[in-house]
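Here are the chains, one letter per residue:
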Amino acid sequence: MRFGIAILPEYRWRDAAPRWRRAEEYGFDHAWTYDHLTWGGLQDSPWYGTTPTLTAAATVTSRIKLGTFVTSPNFRHPLALTRDILAIDDVSNGRFVCGIGAGGSLDATIQGGPDLTPRQRQDRYEEFVKLLDILLTTDGVDFKGEYFETRNGRTLPGCVQQPRVPLVLAGNGPRSLRFAAEHGDGWMTTGGDKTTLDTWFASLADLSRRLDDRLEGRHLDRYLSIDNALYALSSPAAFEDIAGRAAALGFTDLITHWPRAEGVYGGSEDVLETVATDLIPRLRRA
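About the criteria used
- Residues numbered from 1 in each chain as written.
- Predicted model: local features only at pLDDT ≥ 70, side-chain atom pairs only at ≥ 80, totals over all residues.
- Heavy atoms only, no water.
- Helix = DSSP H or I, 4+ residues; strand = E, 2+ residues; numbered from the N terminus.
- Rg over C-alpha atoms; globule rule 2.2 N^0.38 Å.
- Buried < 20%, exposed > 50% of the residue type's maximum accessible area, 1.4 Å probe, protein only.
- Contact = heavy atoms within 4.5 Å.
- Lys, Arg positive; Asp, Glu negative; His and termini not counted.
- Charge placed at Lys NZ, Arg CZ, Asp CG, Glu CD.
- Pairing = 2+ DSSP bridges.
- Right-handed = clockwise from strand over helix to strand, strands pointing away.
- UniProt positions renumbered as here; feature names shortened; annotations may be inferred.
- Core = buried A, V, L, I, M, F, W, Y, C linked by side-chain atoms within 4.5 Å.
- Expected span 1.5 Å × (residues − 1).
- Salt bridge = Lys/Arg side-chain N within 4 Å of Asp/Glu carboxyl O.

You'll find the chain entered in an unreviewed UniProt entry as Luciferase-like monooxygenase, with Kribbella jejuensis given as the organism.

Right under this line is the structure:
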């Protein structure tokens, strides 16, 4: 099992940089930041750009994987995102992981434009991923879909990725699970019913079974955002319980959030240090 941490893009870089350095020093396998224009839980918080943040993070780390948690078609075009991916992956020396989802409701409407139905948003998401894959691996792409278009979209031979960066696809519905199974290098989820820890794990068990049905025995890395029914870093015991139950369901990668001073993901950095330096190494050996 691998362990990751999400650092929200709410800090000035002088305050963010030490967190990214420590994420690597703590031994986390990957570190992530949200890719939103605004996020429902922190609309009154400062908020900085995702791709500049990850590029800066690449310059203060050397080993840890870096990823979007998650990017979406809400405000990005696949060709523009291709340029950002190529740059971050180059600066990080091949450490970038691209998490992608259909996108949240706030980001879907904040810039105006037509309101899409859930089915249309899924259609757009699938078209986005397919075109992004082509652009990362092919030079000179002419594409005209329902939502996106490129005219001789260039990714010069020196930049074409073979293999390309991993695409970790998020989703819980039947279509998104099938799409992740067919097109993803990994699957990411926040689970379903978050009323209690038990109802949340029941939803994860159901999602895992449904993904298994679509994979038909093939392996796919499974990324779980673990701070849902309970903030996993509320205590070392909580983290150990959640990690153990997630491992039993076949999740390969767990992602928690850097403790904030208060509010959502509010917690203690002392707990983070204990979990990172004592508990996670023991869980890896188990």
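Novice: How should the overall build of the chain be read in this particular structure?
Specialist: Helix and strand content of the chain: nine helices and 10 strands. The globule rule puts the C-alpha radius of gyration for 286 residues at 19 Å, and the 18 Å found for the chain is close to it. For the chain, buried positions account for 50% of its 286 residues. In the chain, once contacts between residues fewer than 6 apart in sequence are set aside, the share between residues at least 24 apart is 72%. Across the chain, the 32 positively charged side chains and the 38 negatively charged ones have centroids separated by 2 Å.

Novice: What's the story with the pairing of strand E3 (residues 65-71) in this structure? I'm lost.
Specialist: Regular strands place their side chains on alternate faces of the sheet. The element E3 is extensively covered by neighbouring structure, given that six of its seven residues are classed as buried. Bridge analysis of strand E2 (residues 30-33) against E3 gives four bridges, and the strand direction is parallel. Across the sheet, the residue bridging to Trp32 is Gly67, located in E3. Once you follow E2 into helix H2 (residues 50-59) and on to E3, the crossover reads as right-handed. Bridging between E3 and strand E4 (residues 96-100) involves four bridges; their strand directions are parallel.

Novice: Got a minute to help me understand the UniProt feature "domain: Luciferase-like" (unreviewed entry) in the chain in this structure?
Specialist: Mapped onto this numbering, the UniProt entry annotates "domain: Luciferase-like" (unreviewed entry) at residues 1-206. End-to-end, the C-alpha atoms of residues 1-206 are 20 Å apart, and along that stretch the chain is 40% helix and 18% strand.

Novice: Explanation requested: the nonpolar core in the structure shown.
Specialist: Within soluble globular proteins, side chains that are nonpolar tend to cluster in buried spots. Core analysis: the largest hydrophobic core is formed by 82 residues, its most contacted members being Trp20, Phe28, Ile100, Met188 and Phe239. Leaving out residues up to four positions away in the same chain, Ile100 has contacts with Val70, Thr71, Tyr125, Phe128, Val129, Leu132, Leu167, Val168, Leu169 and Ala170.

Novice: Mind showing me how you'd approach the environment of Glu240 here?
Specialist: Looking at where Glu240 falls in the secondary structure, it is placed in helix H8 (residues 236-248). When the C-alpha atoms of Glu240 and Gly67 are compared, they prove to be 24 Å apart, with 173 residues separating the residues in sequence. With sequence-adjacent residues up to four places away left out, Glu240 is seen in contact with Leu279, Arg282 and Leu283.

Novice: Just checking my understanding: could you explain helix H5 (residues 118-137) for this structure?
Specialist: If you check H5, its first and last C-alpha atoms are 29 Å apart, about what 20 residues at 1.5 Å a residue would give, namely 28 Å. All of the buried residues in H5 are Arg121, Gln122, Arg124, Tyr125, Glu126, Glu127, Phe128, Val129, Leu131, Leu132, Leu135 and Leu136.

Novice: Is there a simple way to explain the side chain of Arg121 in this structure?
Specialist: Along the chain, Arg121 falls in helix H5. Within the buried core, Arg121 has no salt-bridge partner, and the shortest N-O distance to an opposite charge, that of Asp115, equals 8.4 Å. Dropping the residues within four chain positions of it, Arg121 is found in contact with Ala102, Gly103, Gly104, Ser105, Ala108 and Leu116.

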